[in-house]
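Listed below are the residues making up each chain.
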Amino acid sequence: MNAEISPSTVGGTARAPPSKSYTHRAILAAGYADGAVVHDPLVSADTRATMRAVTAFGGSVALRDEESVLDVTGFDGRPETPADVIDCANSGTTTRLVTATAALGDGLTVLTGDESLRSRPQGPLLDAITADLDGRAESTRGNGQAPLVVGGAVDGGAVSIPGDVSSQYITALLMAGAVTDEGIDVHLETELKSAPYVDITLEVLADFGIEAEATPEGFAVPGGQSYAPTDGEYHVPGDFSSISYLLAAGALASEDGLTITSAYPSAQGDTAIVDVVREMGASVDWDREAGEIEVTSAPLSGVEVSVADTPDLLPTIATLGAAADGTTRIVDCEHVRYKETDRVSAMAEALTKMGASVEERQETLTIHGGESDLQGATVDGRADHRIIMALSIAGLVADGTTTVDGIEHVDVSFPDFFDVLDDIGAAVRY
């Protein structure tokens, strides 16, 4: 499917979708527990993969109240051997988090997914389970990528793992480590990138009654613990990765202001987008207590931004840079190349096609906004929800019509994205 976006002025009120990161963790945490009621989850292609995994391990997940509540019955820290292969589809988060779950089982679990997922690195986590925890974790092709075969009934121990490939490895080990006999000490071999995502994990673990902490060497979680949220319930906050597209829309195309709701403070690193948009020159007022952000467009200026801890913001910041005066330089972005697609290359290629002046290096993406004149074009969404949404926002201020391919993939994190765009006044056909 395609979407056609024409120059538009947006305004009114838009509700942010629930956080994908928190939803994944809450569903799996409820699976590790006897069960829990998860309120306001993001129900998307990715989070459905985590629901399938919990069910495969012996739990169950049921939607009620028009998908605003999940009733999760857990497997109480003791995953059964799945009766079939677990299909993680396009969800790298699901794959990594439940790889550690599978390592707790007496039998073997097979994990796979679509073509994109089967190209993503899992090797460091497999090595940690095998070499450090005496479990079994193998890539069927011997290349550190899915399909994976995992088991071994690990009891815990000390793990040494790089911190600059994926923070999800650390999340997976901490979540599983709480229900082992010995617990797990994670020693980081390199500086941790995407650190706020581990902060999210620690926050969710605490909400489910699990003790875990940062240490001088990395992180640690004692064993022998039980997952149990207060009153058996958990509430998912709004998603700042998704809020970033709405903020960008307001910063570029809202003369009278756009109000974004469900924007409550949390451990999400992507809250940094509020400061980025404000630094670039837009008017931004965040009422944290009410969970509302009001953003109004203004002439934007380029900035330098590190995405070491906020990789999902790169497409949004690149779009803003293409419409700003001066130069926007996005640094520390090599790890952004290992997402659903190489997002650095994808944004460089698409924005160049739209008339932006872009320089791509392995760890940097530089956009010369002052030398750019955005024009409508047909651009490839790369079957990547974040690329699709960022390029659609660029279409709001490009001269002519921008056609974005593959829009069905927004179902991964923001299923009604184009409905929301239409509601706030964007000229969009899909």
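Residues numbered from 1 in each chain as written. Predicted model: local features only at pLDDT ≥ 70, side-chain atom pairs only at ≥ 80, totals over all residues. Heavy atoms only, no water.

Looking at an unreviewed UniProt entry, one finds the chain named 3-phosphoshikimate 1-carboxyvinyltransferase and attributed to Halomicrobium mukohataei. Note on the chain: under the UniProt heading Pathway (unreviewed entry), the record states "Metabolic intermediate biosynthesis; chorismate biosynthesis; chorismate from D-erythrose 4-phosphate and phosphoenolpyruvate: step 6/7." Quoted verbatim from the Subcellular location (unreviewed entry) field of the UniProt record, the comment on the chain reads "Cytoplasm". (UniProt positions renumbered as here; feature names shortened; annotations may be inferred.)

To continue, consider the overall build of the chain. Regarding its fold elements, the chain presents 12 helices and 24 strands. Taken along the three principal axes of its C-alpha coordinates, the chain extends 60 × 45 × 40 Å. Here the chain holds 430 residues, and the buried ones make up 60% of them. Total accessible area computed for the chain in this model is approximately 15,300 Å², and 42% of it derives from carbon and sulfur atoms. Computing the positive centroid from 24 side-chain charges and the negative centroid from 69, the chain places the two 5 Å apart. (Helix = DSSP H or I, 4+ residues; strand = E, 2+ residues; numbered from the N terminus. Buried < 20%, exposed > 50% of the residue type's maximum accessible area, 1.4 Å probe, protein only. Areas by Shrake-Rupley, 256 points an atom, 1.4 Å probe, with all protein chains shown as cover. Lys, Arg positive; Asp, Glu negative; His and termini not counted. Charge placed at Lys NZ, Arg CZ, Asp CG, Glu CD.)

Residues annotated in UniProt with the feature "binding site: 3-phosphoshikimate" (unreviewed entry) correspond here to Lys20, Ser21, Arg25, Ser166, Ser167, Gln168, Ser194, Asp312 and Lys339. Within the element layout of this structure, lysine 20 appears in helix H1 (residues 20-32). Accessibility expressed as a relative area gives 9% for lysine 20, which makes it buried. When near neighbours in sequence (up to four residues on either side) are disregarded, lysine 20 contacts Leu42, Ser44, Asp46, Thr47, Asp239, His385, Arg386, Val412 and Ser413. Checked against the element boundaries, serine 21 lands in helix H1. In this structure, serine 21 is in contact with Tyr197, Ile200 and Asp239, ignoring residues within four places of it in sequence. (Contact = heavy atoms within 4.5 Å.)

Each assigned domain of the chain is listed with its residue range as follows: domain 1 (2-17 + 238-429) and domain 2 (20-235). Averaged C-alpha coordinates put domain 1 and domain 2 at centres separated by 29 Å. Contacts between the two partners involve 22 residues from domain 1 and, on the opposite side, 21 residues from domain 2. Summed over both partners, the interface of domain 1 with domain 2 buries about 1,700 Å², with 52% contributed by carbon and sulfur atoms. Where domain 1 meets domain 2, there are 11 residue pairs in polar contact (both at pLDDT 80 or more). Here the residues of the side of domain 1 that touches domain 2 are counted per class, giving 7 nonpolar, 7 polar and 8 charged. (Domains from an automatic or database assignment. Buried area = accessible area lost by both parts, 1.4 Å probe. Polar contact = N/O pair within 3.5 Å; in protein donor to acceptor, adjacent residues only side chain to side chain. Nonpolar A, V, L, I, M, F, W, Y, C, P; charged D, E, K, R; others polar.)

Let us now look at the sheet that holds strand E8 (residues 136-139). Sheets are built from strands paired through backbone hydrogen bonds, the pairs being either parallel or antiparallel. Spatial strand order, E6-E7-E9-E8: 4 strands in an open sheet with mixed pairing. Because the sheet does not close on itself, it has two edges, and the strands there are strand E6 (86-87) and E8. The sheet contact formed by strand E7 (residues 109-112) and strand E9 (residues 148-151) spans 3 bridges and is antiparallel. Paired with valine 110 across the two strands is valine 149, which belongs to E9. Contacting E7 and E9, helix H3 (residues 92-102) runs over the sheet at an angle of about 40 degrees to E9. (Pairing = 2+ DSSP bridges. Axes fitted to C-alpha atoms, helices over the stretch in contact; angles between N-to-C directions.)

A few words now on the UniProt feature "binding site: phosphoenolpyruvate" (unreviewed entry) in the chain. UniProt marks Lys20, Gly92, Arg120, Gln168, Arg343 and Arg386 with the feature "binding site: phosphoenolpyruvate" (unreviewed entry), using the numbering shown here. A relative accessible area of 5% means that arginine 120 is categorised as buried. Setting aside residues no more than four positions away along its own chain, arginine 120 makes contact with Asn90, Ser91, Gly92, Arg96, Gly144, Gln145, Tyr338, Lys339 and Glu340. Separated by 3.2 Å, the side chains of arginine 120 and serine 116 make a polar contact. Position of glutamine 168 relative to the elements: it lies in helix H5 (residues 168-177). Given a relative accessible area of 14%, glutamine 168 falls into the buried group.

What follows is about the packing of helix H7 (residues 240-253) against helix H8 (residues 272-280). Angle between the axes and distance between the axes are the two parameters that describe a pair of packed helices. Between H7 and H8, whose axes approach to 9 Å, the crossing angle comes to 15 degrees. Between H7 and H8, the angle is such that the two are roughly parallel. Judged by the sense of rotation from one axis to the other, the crossing of H7 with H8 is right-handed. Side by side, H7 and H8 meet where Phe240, Ser244, Leu247 and Ala251 of the first sit next to Ile273, Val274 and Val277 of the second. Counted by class, the contact of H7 with H8 contains 6 nonpolar, 1 polar and no charged residues. (Parallel < 35°, antiparallel > 145°, perpendicular 65-115°, else oblique. Left-handed = near helix turned anticlockwise from the far one by under 90°.)

All right, on to the environment of proline 147 then. Its location among the elements puts proline 147 in the loop between E8 and E9. A C-alpha to C-alpha distance of 9.9 Å links proline 147 and threonine 95, two positions 52 residues apart in sequence. Each residue touching proline 147, except ones within four places of it in the same chain, is listed here: Leu111, Thr112, Arg118, Glu138, Ser139, Thr140 and Arg141.

A cluster of acidic side chains, namely Asp164, Glu191, Asp199, Asp309, Asp332 and Glu363, defines a negative patch on the protein surface. Its place among the elements puts aspartate 199 in helix H6 (residues 195-207). Overall, aspartate 199 belongs to the partly exposed group, its relative accessible area being 39%. (Patch = residues over 30% accessible without salt bridge, like charges linked within 9 Å, V, L, I, M, F, W, Y side chains within 5 Å. Salt bridge = Lys/Arg side-chain N within 4 Å of Asp/Glu carboxyl O.)

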